[in-house]
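Notes for the structure review
Residues per chain, in single letters:
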Amino acid sequence: MMPAITARAHTNIALVKYWGKADTEFILPQTSSLSLTLDQFYTDTTVEFDEHLSADEVTLNDQRLSEKASQKVHTFLNLVRQMTAGTSFARVSSTNHVPTAAGLASSASAFAALAGAASKAAGLNLDKPALSRLARRGSGSATRSIYGGFVEWQAGHDDADSYAVPIAEQVDWPLAVVALVLDPHHKKVSSRQGMQSSVTTSPYYAAWRDVVAQDLAAIKPAIRDHNFQVLGEILESNAMRMHALTLSAQPPYTYFNGDTLMAMDAVRELRDQGVPCYYTLDAGPNLKIFCEKPAVPAIKQRFSELFGATNVIVAHPGPGLKFLA
Ligand code: ADP
Ligand code: DP6
Ligand code: CO
């Protein structure tokens with residue numbers, strides 16, 4: 001019997017978003033993207049291949065997943081079996097320390113952890129670029145969660161050259177990300193469906209590709225020089241321009257809710273009062289507010305008043321994929 005392997009991966013929040021695939025089977029993106037891995041949100045996943053099993057068994061947060069809910073995991077394990085010519089099914093047990101499918105990037109930490117645990121449990125010893133490529137096949141955003149800190153997913157052209165590279169794994173900049181959990185429930189439109197509809201129906205999609213190219217070029221020097229204002233302006237406008245693709249799709253849809261709009265206003269008010277902070281949000285209503293550490297108390301206080309202290313989580317740059325003993 002093969003040993004059980006446990007891996008931990010953290011979620012990441014994109015500053016320049018991935019929002020569209022060029023190839024849906026291999027999960028090749030339309031553009032490169034750039035993120036920060038976060039310390040407060042992560043997934044632990046244990047995988048054990050067992051010749052006695054007659055099917056893959058997947059549990060998430062101690063609940064056995066239905067055939068349909070675990071389809072992405074089966075497909076992913078098939079890839080790993082192909083790489084090793086193995087035939088055994090696997091027992092997969094995963095715990096999300098992040099709300100699932102709520103726009104807090106559970107798919108990023110989930111498939112990065114699964115890539116690590118499944119490949120090692122199958123006897124492979126993949127290096128980080130290979131782990132990043134493998135994680136990509138589960139969920140695009142997982143490509144970046146192999147690394148800690150600031151990470152770029154270089155779009156590449158094919159399966160071989162589409163993977164993440166670390167920009168600054170150790171972030172020597174006192175940054176914080178205040179996450180607002182405004183609605184932890186499952187979103188109605190998955191990231192996968194949402195981005196596909198944006199690519200095929202938004203008349204603004206070509207402009208989005210240009211926005212991403214410009215934002216990537218401008219944000220890298222801001223990261224290098226610790227220029228918070230430039231970083232913040234880019235991450236906020238990039239998020240809004242991504243969400244404009246959902247509003248301009250056919251049929252139109254949005255991940256915002258009323259609290260999202262209220263929280264955006266509150267960020268602008270804080271800025272007017274001299275508290276430097278900027279928001280972003282992925283495919284869900286939950287805002288993440290970037291700031292430097294001295295601004296954390298004012299931001300925490302304001303959003304605790306609005307939404308309750310338990311829904312305000314202060315995160316910092318987090319680490320890359322790890323194997324747990
Ligand atoms: P999110 O914003 O949370 O990333 P997505 O729509 O991108 O939302 O992805 C959510 C999907 O990711 C879930 O419906 C499920 O298929 C998958 N997922 C999330 N967590 C896990 C996990 N720990 N193990 C396996 N699959 C997971
Ligand atoms: C808005 O990686 O969840 O968070 O590749 O279809 O699994 P799939 O989608 P996913 O999409 C993430 C979209 C985003 C932006 C980002 O993380 O770059
Ligand atoms: Co996701």
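Treat the numbers as computed from the prediction; the structure is a model and nothing was measured. (Residues numbered from 1 in each chain as written. Chains lettered and ligands numbered in written order. Predicted model: local features only at pLDDT ≥ 70, side-chain atom pairs only at ≥ 80, totals over all residues. Heavy atoms only, no water.)

Residues annotated in UniProt with the feature "domain: Diphosphomevalonate decarboxylase-like N-terminal" (unreviewed entry) correspond here to residues 9–164. End C-alpha to end C-alpha, residues 9–164 measures 14 Å, and it is 26% helix and 34% strand. (UniProt positions renumbered as here; feature names shortened; annotations may be inferred. Helix = DSSP H or I, 4+ residues; strand = E, 2+ residues; numbered from the N terminus.)

This part is about the side chain of Thr246. Of note, Thr246 is situated in helix H6 (residues 228–247). Separated by 2.8 Å, the side chain of Thr246 and the backbone oxygen of His243 make a polar contact. Separated by 2.9 Å, the side chain of Thr246 and the backbone oxygen of Tyr253 make a polar contact. Discounting residues that sit within four places of it in the chain, Thr246 has contacts with Trp19, Ser198, Pro252, Tyr253, Thr254 and Tyr255. (Polar contact = N/O pair within 3.5 Å; in protein donor to acceptor, adjacent residues only side chain to side chain. Contact = heavy atoms within 4.5 Å.)

The omega angle of the peptide bond from Gln250 to Pro251 is 0 degrees, so this bond is cis rather than trans. Note that Pro251 resides in the loop between H6 and helix H7 (258–272). In this model, Ala85 sits at a positive phi of 60 degrees, which is unusual for a non-glycine residue. For Ala85, the location among the structural elements is in the loop between helix H1 (71–84) and strand E7 (89–97). For Ala85, a relative accessible area of 67% corresponds to the exposed category. For Ala101, which is not glycine, the phi dihedral falls at a positive 60 degrees. (Buried < 20%, exposed > 50% of the residue type's maximum accessible area, 1.4 Å probe, protein only.)

Attention shifts here to the domain arrangement of the protein chain. Domains assigned within the protein chain are domain 1 (5–171) and domain 2 (175–315). If you average the C-alpha positions of domain 1 and of domain 2, the two centres end up 23 Å apart. Listed per partner, the contact involves 34 residues of domain 1 and 47 residues of domain 2. Between domain 1 and domain 2 lies a buried interface of about 3,300 Å² when both sides are counted; carbon and sulfur atoms form 70% of it. It is Leu15, Lys17 and Trp19 in domain 1 that bury the most area against domain 2; as a group they hold 26% of the surface buried on that side. Remark: the boundary between domain 1 and domain 2 carries two salt bridges. For Lys220, the salt bridge identified is with Glu152, shortest N-O distance 2.9 Å. When residues of the side of domain 1 that touches domain 2 are assigned to their parent elements, the largest contribution, seven residues, is made by strand E4 (residues 33–50). Within the side of domain 1 that touches domain 2, the residues separate by chemical class into 17 nonpolar, 12 polar and five charged. (Domains from an automatic or database assignment. Buried area = accessible area lost by both parts, 1.4 Å probe. Salt bridge = Lys/Arg side-chain N within 4 Å of Asp/Glu carboxyl O. Nonpolar A, V, L, I, M, F, W, Y, C, P; charged D, E, K, R; others polar.)

A separate point is the sheet that holds strand E10 (residues 175–180). The four strands are arranged E11-E12-E10-E13 in an open sheet whose pairing can be described as antiparallel. The sheet is open, and its two edges are formed by strand E11 (278–280) and strand E13 (312–315), each paired on a single side. Within this sheet the neighbouring strands show an average axis-to-axis angle of 25 degrees, counted without direction. Inspection of the sheet shows E10 paired to strand E12 (residues 288–292) by five bridges, in the antiparallel sense. Of the residues in E12, the one forming a bridge with Leu175 is Glu292. Relative to E11, H6 is tilted by about 35 degrees, and along the sheet it contacts E10, E11 and E12. (Pairing = 2+ DSSP bridges. Axes fitted to C-alpha atoms, helices over the stretch in contact; angles between N-to-C directions.)

Let's shift gears to the environment of Ala155. With respect to the helices, strands and loops of the structure, Ala155 is situated in the loop between strand E8 (150–154) and strand E9 (163–168). On the basis of relative accessibility, which here comes to 11%, the residue Ala155 falls in the buried class. Residues Ala155 and Arg8, spaced 147 residues apart in sequence, show a C-alpha to C-alpha distance of 25 Å. Residues within four places of Ala155 in sequence aside, it is in contact with Pro29, Thr31, Ser32, Asp161 and Ser162.

Moving on: the site of ligand 2. Around ligand 2 sit 17 residues in total, of which Tyr18, Lys21, Ser139, Gly140 and Ser141 are the nearest. At a separation of 2.7 Å, an oxygen atom of ligand 2 approaches a polar backbone atom of Gly140. Protein chains bury 95% of the 460 Å² of accessible surface belonging to ligand 2 in isolation. For the shell around ligand 2, the element with the highest residue contribution is helix H4 (residues 191–201), accounting for three residues. The residue inventory of the shell around ligand 2, partitioned by class, reads seven nonpolar, five polar and five charged. (Near = heavy atom within 4 Å. Areas by Shrake-Rupley, 256 points an atom, 1.4 Å probe, with all protein chains shown as cover.)

With that settled, the discussion passes to the pattern of salt bridges. Taken as a whole, this structure holds 13 salt bridges when the rule is applied. Residue Glu236 is joined to Arg271 by a salt bridge in which the shortest nitrogen-to-oxygen separation is 2.8 Å. Placement of the pair is Glu236 in helix H6 and Arg271 in helix H7, with a sequence separation of 35 residues. When its relative accessible area of 10% is taken as the criterion, Glu236 is described as buried. Shared partners join several salt bridges into a network, and the residues in it are Glu48, Asp50, Glu57 and Arg91.

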